[in-house]
Protein chains: 2
Amino acid sequence: MTSLVPDPTRRDNTLAIVDTLRNQGPMARIDLGTANGISSATVTAITTELLRHGLVSELPAEPHRQGGRGRPKTLIRLEPEAAHVVCVKLSLNEVQVVAGDFAGQVRHAETHSLTTATLTPDTLCDVLEEHIQAVSAALPGGPRRLDGICLAIQGVVSPASGMLIWSPALRFRNTPLTGPLAERLGCPVMLENDTNCIASILARQPAYADTPNLAVIMLGYGIGMSVLIDGRPLLGANGSAAEIGHSKFEPGGALCACGRRGCIEAYASDYALYREAHALLSLPPGDSAHPSEAQMQALVRLAEQGDPVARQIYHKAGRALGYGIANVLALFNPDLVLVTGSGVRGYAAMQPALEAAIDEALVPELVGASRLATHPWDRDMTCLGGIGLILEATDPMRLTDLSS
Amino acid sequence: MTSLVPDPTRRDNTLAIVDTLRNQGPMARIDLGTANGISSATVTAITTELLRHGLVSELPAEPHRQGGRGRPKTLIRLEPEAAHVVCVKLSLNEVQVVAGDFAGQVRHAETHSLTTATLTPDTLCDVLEEHIQAVSAALPGGPRRLDGICLAIQGVVSPASGMLIWSPALRFRNTPLTGPLAERLGCPVMLENDTNCIASILARQPAYADTPNLAVIMLGYGIGMSVLIDGRPLLGANGSAAEIGHSKFEPGGALCACGRRGCIEAYASDYALYREAHALLSLPPGDSAHPSEAQMQALVRLAEQGDPVARQIYHKAGRALGYGIANVLALFNPDLVLVTGSGVRGYAAMQPALEAAIDEALVPELVGASRLATHPWDRDMTCLGGIGLILEATDPMRLTDLSS
DNA sequence: CTGATATAATTCAGCACTCAAAATAATCTG
DNA sequence: CAGATTATTTTGAGTGCTGAATTATATCAG
């Protein structure tokens, strides 16, 4: 077995090769070299080592394929079994647990309801440990050793220290989470903001490869954002950067859940839209504090069918969100602003007012400097992103099978 | 002469040593090693090479000094004569030209008035070339070869492409500047936003060493900002990030120079303060479009003496700026916000309203997460920062004297 | 089927770098 | 002056990367 602490250069090259294989699929040695700017000889050296430890394998040659002449490429692929990781997404009254393999493929997914508001740090860890153990056991091949866990939590977290600062789903604050969980589960645990997970997986998509400065706005019960600067999420001093939801539309404006007035969230989030609508319109019944998907869809439908009250509500929301986005454009100057989250269902209804507001608010020099688009919402994206992040953070050197 | 393209590791280590010497002054080899995490043997190898090329020299041992026992340290210092750089700061109707040596010390400084609005790209280059040549000739030791030039321009610039995007001082836009100037002057030219120069030199000060996420707000005729994220300036897609001046206080508010309404700048910049004041108060005479320093100081004095109109003007400005800063805190979550620029003269008058506005606007979870302070204004800071940046960007490998 | 051609992967020789340890240098203490 | 102490330099070993040469495996033309 080779040294566990190799030369930093070798380490960088190894990580680059593994990441390339994960993001772009099986690839020949020579292509791995050109893709990462290293010589083919070095790729051979590195892949030989990885093969020896079972982290990658050679794809059996397929007879037909390959139009070209000379010796056919031997594709290298990540060995899916080499590692198993889990991403746990914790949001209000729901916990989603997804397991993935070394190649980043999802192996198993579960969603559970629970009352999050009454959890203590201890009972939260109990619940998470239980669910994670269950998922590990449910993996094909019986209980598997887990090589890393990503905790994706809505709210403010500090990835560096592993502390939960504040989450709308939980009553307690400023609590270390990764330490206790890592101890209970015996594997590395990382903590991330849920929106950063989504942004990271969006940034990996080829469509957004040329937009390294990316702002991803999440519309939902609240409004969140993740800003990628040169591909890396902006964290800020204590992990609570990019709080667009509580940036201001107008002083003394609508009351926000945070207690202040005039926050963007107080106009364009689900709870704000619902608050305006439920007294004036007849929507399906539900919990008054937390509008259901059915209720929100009914509201959007009304707006799309031309109901003046619903239209007015979305117009106001679009205007507020437009002003918020204009500030984001002025302050971050991103290549692209991507709007997603369950709230995109109402984007079309907001769009005219939103775009007009941006035109009205944005300094003329910046008009047209950034693109604005939506991305369809998929509730599993968070965990996919978290699996990508924990795999990226998982040191291949540590996975080496000691028996070899 | 050794290879011009050394191993990247060696290159990194060499740059680290030169930067350490520049920022922390003369230092012994062993301390250079511990400061940069490299072995003393490697430091010897690198300094030997630098000595050979005349980029550093050994400080003559001072007999007394050194309380300690064993062999005394031999201090290495940057050889000031090894390079000469110039920073040119272009602002409305003024150009400032400052020359510095390899150690970062100012050698010569000039300030000239000119009418910037009528300049074309060509005539601008003419003027700059002339001034730079003059400064090069004025250096002790006659005309010196210049090893790098930093162009610090107010407005939006693209450091990567060397393009001026837009500046309030100039009529033309989207024009390449570094290319033509480099050709005329025969040395590398870099382009930076003036505020980024100031932020970079502030960040280097020991007092701000522990605040890698720093927002520097420049109050003056307009309002600018530079945001350092982990010590690096945020540029954005085309260099126009951090435009706090045109972030919004209130929809439909005061008219801004940019043509929009409600920008922070339309309340708290010199021109906005003056616009409010000059009809109501008796201030010293001056150009109505560009208030003079004397006029602005008179206005501040009135506010400090309790004049209700002046106080009201600064109150309103403070409130708008406070809302702007609250957005910056929510979106960037910096360790520290530093307010500087000539406009700090009015900070005390704005402070109560400013702090109240932040309390009123900032989401409670973030209150207290960032510090807020002012930094005394010094109009030479820009060029000092620019000299630091161009020296940092100057590759020591390229300075090697070919005759050695 | 054979030889020419083409491309991929591996091996090899050479070089650059770092580091730990040993050697050397320069100073102070008693 | 003989240690003791600290700084710097030299040396030897180890590791990594690369280009060139070599080997492996295919297609193509006839």
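Conventions adopted
Residues numbered from 1 in each chain as written. Chains lettered and ligands numbered in written order. Predicted model: local features only at pLDDT ≥ 70, side-chain atom pairs only at ≥ 80, totals over all residues. Heavy atoms only, no water. Helix = DSSP H or I, 4+ residues; strand = E, 2+ residues; numbered from the N terminus. Rg over C-alpha atoms; globule rule 2.2 N^0.38 Å. Buried < 20%, exposed > 50% of the residue type's maximum accessible area, 1.4 Å probe, protein only. Contact = heavy atoms within 4.5 Å. Areas by Shrake-Rupley, 256 points an atom, 1.4 Å probe, with all protein chains shown as cover. Lys, Arg positive; Asp, Glu negative; His and termini not counted. Charge placed at Lys NZ, Arg CZ, Asp CG, Glu CD. Core = buried A, V, L, I, M, F, W, Y, C linked by side-chain atoms within 4.5 Å. Salt bridge = Lys/Arg side-chain N within 4 Å of Asp/Glu carboxyl O. Least-squares fit on C-alpha atoms with pLDDT ≥ 70 in both.

Under an unreviewed UniProt entry, chain A has the name Sugar kinase of the NBD/HSP70 family, may contain an N-terminal HTH domain and belongs to Billgrantia gudaonensis.

Caption draft 1: Quick look at the overall build of chain A. Summing up its helical and strand segments, chain A has 13 helices and 16 strands in all. Against the globule reference of 22 Å for 404 residues, chain A gives a C-alpha radius of gyration of 23 Å, in line with a compact fold. Projected onto its principal axes, the C-alpha positions of chain A cover 70 × 50 × 40 Å. Classification of the 404 residues of chain A by burial places 53% in the buried group. Taking as baseline every contact in chain A between residues at least 6 positions apart, the subset at least 24 positions apart corresponds to 61%. Of the accessible surface of chain A, which amounts to about 17000 Å², a share of 53% is contributed by carbon and sulfur atoms. The positive charge centre, built from 31 side chains, and the negative charge centre, built from 41, are 2 Å apart in chain A.

Caption draft 2: Main features of the nonpolar core. Within the largest apolar cluster, 115 residues are counted, with the highest numbers of intra-cluster contacts made by Met 225, Leu 299, Tyr 314 and Phe 332 of chain A together with Met 225, Leu 299 and Phe 332 of chain B. Ignoring anything within four residues of it in the chain, the contact list for Met 225 of chain B reads Leu 331 of chain A together with Thr 195, Ala 215, Val 216, Ile 217, Ala 242, Ile 244, Val 328 and Phe 332 of chain B.

Caption draft 3: Structural detail: the pattern of salt bridges. Considering all chains together, one arrives at 35 salt bridges over all chains under this definition. For Arg 22 of chain B, the salt bridge goes to Asp 19 of chain B, with nearest N and O atoms at 3.9 Å. Here Arg 22 of chain B pairs with Asp 19 of chain B, and both are found in helix H1 (residues 8-24), just three residues apart, close to one helical turn. Between Glu 293 of chain B and Arg 345 of chain B there is a salt bridge, with the nearest N and O atoms lying 2.8 Å from each other. Note that Glu 293 of chain B is positioned in helix H9 (residues 293-304) and Arg 345 of chain B in the loop between strand E15 (336-340) and helix H11 (347-361), a separation of 52 residues in sequence. Given a relative accessible area of 39%, Glu 293 of chain B falls into the partly exposed group. What makes Arg 345 of chain B buried here is its relative accessible area of 17%. Sharing partners across several salt bridges, the network here consists of Glu 81, Asp 101, Arg 107 and Arg 144 of chain A.

Caption draft 4: Summary view of unusual backbone geometry. The phi torsion at Ala 242 of chain A lies on the positive side, around 65°, for a residue other than glycine. By relative accessible area, which is 3% here, Ala 242 of chain A ends up buried. The backbone phi angle of Asn 174 of chain B is positive, close to 45°, even though this residue is not glycine. Mapped onto the fold, Asn 174 of chain B is located in the loop between strand E9 (163-166) and strand E10 (175-176).

Caption draft 5: Main features of the relation of the copies chain B and chain A. The transform that puts chain B on chain A rotates by 180° and translates by 0.0 Å along the axis, for an RMSD of 0.1 Å. Such values leave the two copies arranged in the relation of a two-fold axis. Judged by C-alpha distance, Glu 250 of chain B is the residue of chain B that lies nearest the rotation axis, at 2.6 Å. When the interface residues of chain B are mapped onto chain A, 100% of them again fall at the interface, so both copies present the same face.

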